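Architecture at a glance
Spelled out from the first residue to the last, the chains are:
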Amino acid sequence: MDAADEQRFREFVAARSPALMRLGFLLTGGDQHAAEDLVQSALAKLATKWRRVEAPEAYAKRIMYRQQISRWRAVGRRGEVVQASLPESADRDLNHQSELRMVLRSALARLTARQRAVLVLRYFEDLPEKDIARTLGCSVGTVRSTAHRSLARLRQIAPELAQELEVAR
């Protein structure tokens, strides 16, 4: 990589790292350290192919998705992640948004890896089902059924999220 390419890569990293971290955080179920590792390894792989990549952010995201899928497959099925219960708050109105984020983060962590990936790709990245299927290496029908089951599981794990969605309508 020559000096000009290195400078463009540094600018890309500075500009897009926060967005990639948010994606990594969602893909890892809220594990900050795992998200940092995921982003760092994706950027390291991107750096080796920097000159040949036309859409660096899309390429980095694809690396992140595939890396996380490989980690899930290597680890196999894990049990549910134990989370501390949230304390009742007298100032619920002041802390409501933060509490909802914590509930969502906890609920996402309790989903399977595939369920979490489908929800992140579908609702955070706003990808069409066909692209999700291609990214995850499965059929469109699998994406649809996984999304349906994932949302049902979220409603079961965190009914307060379903109530919030009803209020927002």
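Above this text is the structure in question.
These numbers were taken from a predicted model, which means no experiment stands behind them.

Secondary structure assignment for the chain yields 8 helices and 0 strands. If you list the helices and strands of the chain from N to C, you get α-α-α-α-α-α-α-α. Here the chain, with 169 residues, has 36% of them falling under the buried criterion. A separation of at least 24 residues holds for 66% of the contacts in the chain among residues at least 6 apart in sequence. Carbon and sulfur atoms provide 51% of the accessible area of the chain, an area that totals close to 10800 Å².

Under the criterion given, the structure shown has 10 salt bridges. Of the charged contacts, one joins Arg10 and Glu6 as a salt bridge, the two residues approaching to 2.8 Å between their closest N and O atoms. Of this pair, Arg10 and Glu6 both sit in helix H1 (residues 3-27), separated by 4 residues, roughly a single helical turn. Several salt bridges share partner residues, and in doing so they unite Asp2, Asp5, Arg8 and Arg51 into one network.

Looking at the element boundaries, Ser145 is found in helix H7 (residues 140-157). Each C-alpha atom of the pair Ser145 and Gln115 lies 9.8 Å from the other, and the pair is 30 residues apart in sequence.

Turning next to H1. Of all the bends in H1, the largest measures some 55 degrees and sits at Arg16, one to four residues before the proline Pro18. For H1, the full list of buried residues reads Asp5, Phe9, Phe12, Ser17, Ala19, Leu20, Met21, Leu23, Gly24, Phe25 and Leu27. Just past H1, the residue Gly29 takes up positive phi, approximately 75 degrees.

Attention now goes to the packing of H1 against helix H5 (residues 113-124). The contact between H1 and H5 brings their axes to 9 Å, and the two run at 145 degrees. Between H1, through Arg22, Leu23, Leu26 and Leu27, and H5, the contact on the second element is made entirely by Arg116, Ala117, Val120 and Phe124. For the contact of H1 with H5, the class distribution of residues is 6 nonpolar, no polar and 2 charged.

What counts and what doesn't
Residues numbered from 1 in each chain as written. Predicted model: local features only at pLDDT ≥ 70, side-chain atom pairs only at ≥ 80, totals over all residues. Heavy atoms only, no water. Helix = DSSP H or I, 4+ residues; strand = E, 2+ residues; numbered from the N terminus. Buried < 20%, exposed > 50% of the residue type's maximum accessible area, 1.4 Å probe, protein only. Contact = heavy atoms within 4.5 Å. Areas by Shrake-Rupley, 256 points an atom, 1.4 Å probe, with all protein chains shown as cover. Salt bridge = Lys/Arg side-chain N within 4 Å of Asp/Glu carboxyl O. Bend = angle between axes of the 7 residues up to and from the residue. Axes fitted to C-alpha atoms, helices over the stretch in contact; angles between N-to-C directions. Nonpolar A, V, L, I, M, F, W, Y, C, P; charged D, E, K, R; others polar.

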